[in-house]
Structures are given as C-alpha cells and as structure tokens.
Amino acid sequence: MSGIFYILVGNNGATYIFNAKSLRSINYSLRFYKARNLKQALKKILLGVFLFIASCLPKLHQKHRFRTIDDVGCRLASIVGEGIPFELDDECSVLISSTGDKVIVHHHGEYFQKYATGTSLSKVHGEVEIYSYLDKRFANFSVSKLYDSYEEEAYCCFKLSSIPRYINRSIPKEDVLVLALTELFCVVPGKNCYLAEYVDSLGGNLSNLDDPAMHTLQRILVQVANMYRGFKIPLGLVHGDFKPWNINNKKDFLIYDFEEAVTEGAPLEDLLNYFVDPLIRYISAKRVANHVFQRSRVKLYDSYLQRMNLDIDFRALLYIYLVGRVVFWSSRDEPEVAQKYADLANYVFSTHGLQ
C-alpha cells in the first residue's frame, strides 16, 4: 500500500511516524503530539505545515520519508525487533517509546493498538487488567473501551477504541480534577489500612537505598506515622502517572495510559502528581513547592479529602507521595529523578513542616 510517511525523533527520545497522505491523516497523526503551552502549540502548527508542504514536494527530506507501509514496517522492525506482526495500513500513524519496547499504532478515527515487548510486557499486562475495572460509564471521567487483547511469548497487544464514552456534562475545569480522581480512586472495592503501616512499608523500601538523604526521608515518615498513629486511610485505584499529557479534556475528561496504575494506592497521589511531575525535573525544589502550595491548589487538596471523608492534613499525604516517588524512580534506576523528589520532600518539610 502506498502513502507518505515521515519519521521524527522527539526531544524525549520517542519516535513518531507521521502520516502525510492527506490533511485528515496529518491531523490524526498530530494527536500523538500533546501541546501543553503556547510554545508547544506553535510548534505543533508548524509541524503540521511542514508535513503538508513535504507531502507536496517529493524531494523534500527524502531521508526521513517513507513511500509505502512496508517501509514503515521495516523501520519498526529495525527499532523494536523482528517477529511482531504489526497491523499497519495507509491510514495509520505510529508512536514508538524512547525505550523501543512499546509501540502505539493509531488507526485513524477507529482504534489504537498498543504493542509491548521486553521490559514493557508486564506493565501492559497490568494495564489490560486495569481496563477490566473500567469497563463501564462513569459520571466524571471517561476511558476508551478495550476491544481485544492477546499475547504471544515475545509480545502482547491490546486494542482501544479511539472514540471514548463521552460525558454530556459541563464541569468547571478545576473541579473536574477532584471529581474525576475521587471517582477513579473508588472504582476498586475499598480497603482500609493504618496509615502508620503504609508509612512503615515505604520506610522499609528506603532502607535499601544508600543515599544519606534517605535517612532524612525516614525521619519525615516517622513523624507522619507518629502524628497519625491509629488513623486509617482508604486504599484505591491510583493512575500512578496522572499528568496533563495523559488526559484529554477538550470534549470530555478522558484518562488513558494506565501502565503504572495500582489498585491499592494512597489517596491524593494522582492529584499531587498532576502538579508536581511536569515541573520537578526542570526547576528548583523551592519553585515546585511554591507551585504545589498555591492557595487554589490547596483548596483542591482539601476538597478532595472532604469528598473522601478524610480528616487529615494534606501535607502528610504529600510526604507519602514524595517518598513513594523516590522509591519508584530508584527502582527504575533513575537516581537523578529520585533525588529531585527527595530534595523536594526535604525542602517542603523544612519550610512547611507538619503540625
């Protein structure tokens, strides 16, 4: 099958294969590119213009151009490896993860397919399980319908509808975060545990780390546990990677990419991650803390806890979240990111404390 495809490696290491067959194809291809500010929106527009011009000029950027879907398949095989029968056609576009072990194929206007191999296999298995909990209509958020999944020895794949279950409600932009995340948290049948026990499990994971800063984090956890000893918290469904580019709230509040989701997570984690994760790698702990403690955001945390009937200072859950991120990124062999979260926890504790 013929077509016009262009390959681009993004700043995050991901590989995009855009379909420039028509304006419609370009528009669908660009849905992989999430613009979250004015600068990114401008870049997205310019990329769309480039793809349109390139499709009209056959000699432009030949090095990055494919003429047939078979050429695209060959490039996928060179990045991901042989043996995966990707379902490609001349009305699709492709996103390849920076690690090269995960591929998303968008069949324009119809469905998405996610393929995983190597280290991503277990995460995608878990994502399929999470979608089994989400196979219904929700009041405050939407998810795509899981059509099918299958696995072989070396890879697995599942298929999601590209047309989500739309919500015909008008919800203020700020409130939707609280409404959606508290509803998501309660999807899995509830389980309660003592906060001190949850904290102890985090502290045990920290004991495996050598960095001297870990001892400071353990002292923070001890204070949290002592202050709320005998206090129970609910555990529920936590997205685990909830941030602006894993939602789409143009027509509804669509949540996707549940690879890091857990069914026994702590409350407030996703809301905190929404504000912290996009910033923490790029700015100082002080500036991230100022962002997290903005009055409007503190009101959201309090609203979340009120809806969950939790009489607890949000800062206690903030420390639990930050230490949990240290453990998470350390387990992923990302010590620099883990240190960013440790620095933020130490800074917040020294400036905001816990009373």
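Just above, that's the structure.
Residues numbered from 1 in each chain as written. Predicted model: local features only at pLDDT ≥ 70, side-chain atom pairs only at ≥ 80, totals over all residues. Heavy atoms only, no water.

Caption draft 1: Looking closely at the packing of helix H8 (residues 269–280) against helix H12 (residues 335–352). Viewed as axis vectors pointing N to C, H8 and H12 meet at an angle of 120 degrees, and their least axial separation amounts to 11 Å. Here H12 runs oblique to H8, going by the angle between their axes. Note on packing geometry: the crossing formed by H8 with H12 is right-handed. Where H8 approaches H12, its residues Asn-273, Val-276, Asp-277 and Ile-280 are matched on the opposing element by Lys-340, Tyr-341 and Leu-344. Residues that form the contact of H8 with H12 fall into these classes: four nonpolar, one polar and two charged. (Axes fitted to C-alpha atoms, helices over the stretch in contact; angles between N-to-C directions. Helix = DSSP H or I, 4+ residues; strand = E, 2+ residues; numbered from the N terminus. Parallel < 35°, antiparallel > 145°, perpendicular 65-115°, else oblique. Left-handed = near helix turned anticlockwise from the far one by under 90°. Contact = heavy atoms within 4.5 Å. Nonpolar A, V, L, I, M, F, W, Y, C, P; charged D, E, K, R; others polar.)

Caption draft 2: The arrangement of H12 in detail. Between its first and last C-alpha atoms H12 spans 25 Å; for 18 residues at 1.5 Å apiece the expected length is 26 Å, and the two agree. Those residues of H12 that fall on the buried side of the exposure criterion are Val-337, Ala-338, Tyr-341, Ala-342, Leu-344, Ala-345 and Val-348. The buried side chains of H12 occupy one side of the element, clustering within an arc of 160 degrees when seen end-on. Exposed side chains of H12 directed beyond 90 degrees from the buried face belong to Pro-335, Glu-336 and Ser-350. (Expected span 1.5 Å × (residues − 1). Buried < 20%, exposed > 50% of the residue type's maximum accessible area, 1.4 Å probe, protein only. Arc of directions from axis to C-beta.)

Caption draft 3: Looking closely at the pairing of strand S5 (residues 102–107). Across the six residues of S5, six count as buried, placing the element largely inside the fold. Where burial is concerned, the two faces of S5 agree: the one with Lys-102, Ile-104 and His-106 and the one with Val-103, Val-105 and His-107 are both buried. One ladder, built from five bridges, connects strand S4 (residues 92–96) with S5; its direction is antiparallel. Its bridge partner being in S5, Ser-93 is matched across the sheet by His-106. (Pairing = 2+ DSSP bridges.)

Caption draft 4: Broad picture of the nonpolar core. Judged by nonpolar contacts, the single largest core of 89 residues is most densely connected at Leu-134, Phe-141 and Leu-271. In terms of residue count, helix H11 (residues 314–331) provides more of this core than any other element does, 13 residues in total. With 19 residues, the next largest nonpolar core counts Phe-5, Ile-7, Leu-76 and Tyr-155 among its residues. (Core = buried A, V, L, I, M, F, W, Y, C linked by side-chain atoms within 4.5 Å.)

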